[in-house]
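If you want the building blocks of each chain, they are given just below.
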Amino acid sequence: MNTPAIAVTRTPLVAVYGTLKRGLRNHHWLHGADFLGKDILTTATLYDLGPFPGAKPEPSRGIEVEVFRVTAQQLAGLDQLEDYRVRYPKHGDFDRAIHTTAFGPAWLYLYNHDVDGCPVIREGTWVPRL
């Protein structure tokens, strides 16, 4: 079981691919976090869920992420936003797992629910609908 403080000890980095990216509606949750840069992950595939994307741990041609250094408090806030449940991670909307980035190992939130019928993004970035 990972508590947020232990999680940040494991890695203080988080890779974001949706509404948490700079300029998008939930980026304020990362206020004060250090932006390290962009990277391309081939270890996850995105699904367009409408108002936000969800990642699955499936190979892709490369999805774009932004990597941030966060505090334990910031990670706890992200866990709340993403409905990540520390004690029962498969019961919330998202689980999280460590993925390798150019900046080191980073947490990536993975969508727990069914994505059948959702548009697949195997390369590039998710674009919000206006």
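Residues numbered from 1 in each chain as written. Predicted model: local features only at pLDDT ≥ 70, side-chain atom pairs only at ≥ 80, totals over all residues. Heavy atoms only, no water.

An unreviewed UniProt entry annotates the chain as Gamma-glutamylcyclotransferase originating from Halomonas flagellata.

S.K.: Lay out the side chain of Thr45 in plain terms, naming residues and giving numbers.
M.R.: Relative to the elements of secondary structure, Thr45 occurs in strand E3 (residues 45–48). Side-chain polar atoms of Thr45 contact the backbone oxygen of Glu58, separated by 3.1 Å. Dropping the residues within four chain positions of it, Thr45 is found in contact with Gly54, Ala55, Lys56, Glu58, Pro59, Ser60, Val120, Ile121 and Arg122. (Helix = DSSP H or I, 4+ residues; strand = E, 2+ residues; numbered from the N terminus. Polar contact = N/O pair within 3.5 Å; in protein donor to acceptor, adjacent residues only side chain to side chain. Contact = heavy atoms within 4.5 Å.)

S.K.: Report on the nonpolar core, specifying residues and quantitative values.
M.R.: Core analysis: the biggest nonpolar cluster contains 32 residues, and Val14, Tyr17, Leu30, Val65, Leu108 and Tyr109 have the highest contact counts within it. Of the residues forming this core, the biggest block, six residues, is contributed by strand E7 (residues 104–111). Every residue in contact with Val65, bar those within four places of it in the chain, is listed here: Ala15, Val16, Tyr17, Gly37, Lys38, Asp39, Leu41 and Leu108. (Core = buried A, V, L, I, M, F, W, Y, C linked by side-chain atoms within 4.5 Å. Buried < 20%, exposed > 50% of the residue type's maximum accessible area, 1.4 Å probe, protein only.)

S.K.: Quick one: what's the story with the UniProt feature "domain: Gamma-glutamylcyclotransferase AIG2-like" (unreviewed entry) in the chain, residue by residue and with numbers?
M.R.: As annotated in UniProt, the feature "domain: Gamma-glutamylcyclotransferase AIG2-like" (unreviewed entry) corresponds to residues 14–127 in the numbering used here. The span residues 14–127 is 9% helix and 41% strand, and its two end C-alpha atoms sit 20 Å from each other. (UniProt positions renumbered as here; feature names shortened; annotations may be inferred.)

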